[in-house]
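Architecture and fold: a report
Here is how the chains run, residue by residue.
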Amino acid sequence: EVERLFKLFREADEDNNGTIDIAEFHQLLTRFLGRKTASDIPETRIRRFWQGIDQDKNGSIDFVEFMTWWHSCAAHDILPQAVIKKYNYAR
C-alpha cells in the first residue's frame, strides 16, 4: 500500500519538488472523483479538503500529510470505494 501511495504522490507532484501544492492536489482529486476537468469540482470543496490535509499550513503537503489524509478518507468513506481498492487500502 505505501509503495502504491508513494507512486501516486510522486505522480501528483508535477513539478517534482517533493510536495504537492493545492493546484496539484486539485488535479489529483479530479482523477479520484472521476471528473472530466478540474473545474467540475467546486473550489469550496477543494479548499475544505485542503484545510484538513495541509496540517502545518505551509501551502504544500508532504508525503506524511498525504498518507494521514488518505487513511482518514479511507476510514471515513470520503473517497469512492473504487479509488480505495485501487490503491489497496485494507480496513
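Check the entry above for the structure.
An account of the accompanying structure is given in this report.

Reading the values: rules and limits
- Residues numbered from 1 in each chain as written.
- Predicted model: local features only at pLDDT ≥ 70, side-chain atom pairs only at ≥ 80, totals over all residues.
- Heavy atoms only, no water.
- Core = buried A, V, L, I, M, F, W, Y, C linked by side-chain atoms within 4.5 Å.
- Buried < 20%, exposed > 50% of the residue type's maximum accessible area, 1.4 Å probe, protein only.
- Helix = DSSP H or I, 4+ residues; strand = E, 2+ residues; numbered from the N terminus.
- Contact = heavy atoms within 4.5 Å.
- Polar contact = N/O pair within 3.5 Å; in protein donor to acceptor, adjacent residues only side chain to side chain.
- Arc of directions from axis to C-beta.

Before going further, it helps to examine the nonpolar core. Phe-25, Leu-29, Phe-66 and Trp-69 are the most contacted members of the largest nonpolar core, which totals 22 residues. Mapped onto this core, the elements with two or more residues apiece are helix H1 (2–12), helix H2 (22–32), helix H3 (43–53) and helix H4 (63–75). Ranked by the residues each element gives to this core, the list is headed by H4, at six residues. Non-local contacts of Leu-29, meaning those with residues more than four positions away in its chain, are made with Ile-41, Ile-46, Phe-49 and Trp-69.

Another aspect to go through is the environment of Pro-42. Mapped onto the elements of the fold, Pro-42 is located in the loop between H2 and H3. It is 10.0 Å that separates the C-alpha atoms of Pro-42 and His-26, two residues lying 16 residues apart in sequence.

For Glu-24, the position within the fold is in helix H2. Separated by 3.0 Å, the side chain of Glu-24 and the backbone nitrogen of Glu-14 make a polar contact. Excluding anything up to four places from it in sequence, Glu-24 contacts Ala-12, Asp-13, Glu-14, Asp-15 and Thr-19.

Moving on, we come to H3. Residues Ile-46, Phe-49, Trp-50 and Ile-53 constitute the buried set of H3. The arc that holds the buried residues of H3, viewed along the axis, is 100°, so those residues lie on one side. Of the residues in H3, the exposed ones pointing more than 90 degrees away from the buried face are Thr-44, Arg-48 and Gln-51.

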